[in-house]
Amino acid sequence: APIVLEDEVLGKLVLEKSEGLFEGKYDFAGNDITIYIEVEWDSKATWKKPLTVARDFAEHIASKDEVFRSYISSYEDLYEFADALKGRMKYIFVNQNGSYTVGYDDGYVFGGHEIDVDVNSKGEMVCAEMR
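This structure is a prediction, so every number in the text was calculated from the model and none was measured.

Caption draft 1: Summary view of unusual backbone geometry. With phi around 55°, Ala29 is a residue other than glycine that occupies positive phi space. Structurally, Ala29 can be placed in the loop between strand 3 (21–28) and strand 4 (31–38). Note on Ala29: relative accessible area 65%, which makes it exposed.

Caption draft 2: Quick look at the nonpolar core. Grouped together as the largest cluster of nonpolar side chains are 33 residues, with contacts concentrated most on Ile37, Ile72 and Tyr100. Secondary structure elements with two or more residues in this core: strand 2 (11–16), strand 3, strand 4, helix 1 (48–59), helix 2 (61–73), strand 5 (89–94), strand 6 (100–105) and strand 7 (114–119). Sorting elements by how many residues they give to this core places helix 1 first, with five residues. Excluding anything up to four places from it in sequence, Tyr100 contacts Val53, Phe57, Lys64, Phe68, Ile92, Phe93, Val94, Asn95, Val117, Asp118 and Val119.

Caption draft 3: View of the pairing of strand 5. Bridge count for strand 4 against strand 5 is four bridges, and the pairing is parallel. Residue pairing in the sheet places Thr34 in a bridge with Tyr91 of strand 5. The sheet contact formed by strand 5 and strand 6 spans five bridges and is antiparallel. Pairing of Ile92 across the sheet is with Val102, part of strand 6.

Caption draft 4: Representation of the packing of aromatic side chains. Evaluated as defined, the whole model comprises seven aromatic pairs. Centre to centre, the rings of Phe22 and Trp47 are 5.0 Å apart; their planes meet at 90°, and the pair counts as edge-to-face. Taken as a pair, Phe22 in strand 3 and Trp47 in the loop between strand 4 and helix 1 lie far apart in primary sequence, 25 residues in all. On the accessibility criterion, Trp47 (8% relative accessible area) is buried. Look at Phe57 and Phe68: their rings are 6.3 Å apart centre to centre, the planes differ by 15°, and that puts the pair in the stacked class. On the criterion of sequence distance, the pair formed by Phe57 in helix 1 and Phe68 in helix 2 is long-range, its members being 11 residues apart. When sorted by exposure, Phe57 lands in the same class as Phe68, which is buried. Three or more aromatic residues joined by ring pairs form one cluster here, namely Tyr36, Tyr91 and Phe93.

Scoring rules and cut-offs
- In every chain, residue numbers begin from 1 and rise along the written sequence.
- Totals for whole chains, interfaces and linings use every residue, but because this is a predicted model, local features are given only for residues with pLDDT of at least 70 and side-chain atom pairs only at 80 or more, for both listing and counting.
- Remark: hydrogens and water are excluded; side-chain values derive from all non-hydrogen atoms of the structure.
- A run of DSSP states H or I qualifies as a helix once it reaches four residues; a run of E qualifies as a strand once it reaches two. Both are numbered from the N-terminal end.
- Here the term buried applies to any residue with accessible area under 20% of the maximum for its type, exposed to any over 50%, and partly exposed to those in between, with areas from a 1.4 Å probe on protein chains only.
- Here the nonpolar core consists of buried residues drawn from Ala, Val, Leu, Ile, Met, Phe, Trp, Tyr and Cys, with membership extended through side-chain atoms lying within 4.5 Å.
- Two residues form a contact once any of their heavy atoms are found within 4.5 Å.
- A pair of strands is considered paired only if DSSP assigns at least 2 bridges between the two.
- Paired rings are identified among Phe, Tyr and Trp, the last through its six-membered ring, by centres lying within 6.5 Å, and are further divided according to the angle between planes into stacked (under 30 degrees), edge-to-face (over 60) and tilted (the rest).

These figures come from the coordinates and say nothing about function on their own.
Here is the structure:
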């Protein structure tokens, strides 16, 4: 059976043991952002870091969105995407080590590409790319 966690910041998260992922939805500016948090379901010690990172992300989502879109625009081949991505954040995938990826959907403005920003476990953006 799945494990349900009611988090004061993130809301309802459901852990599918077979996938090792908590999954939930977070409302940001009227859009549902899917939250994925990688854990070892049978080791609660592995839950702390990624849940902390996800909570911090949610608590600062508006400013992080601005920073990420600005970062995306710093890439020469992606500069025109930043404004088109406003309001298009789709997910955050938090790894067990605290690194994460934030994904944006371009709304088919640029051919249906997803733009991702990868953030290392120190909270530093390491790359943005079209996938």
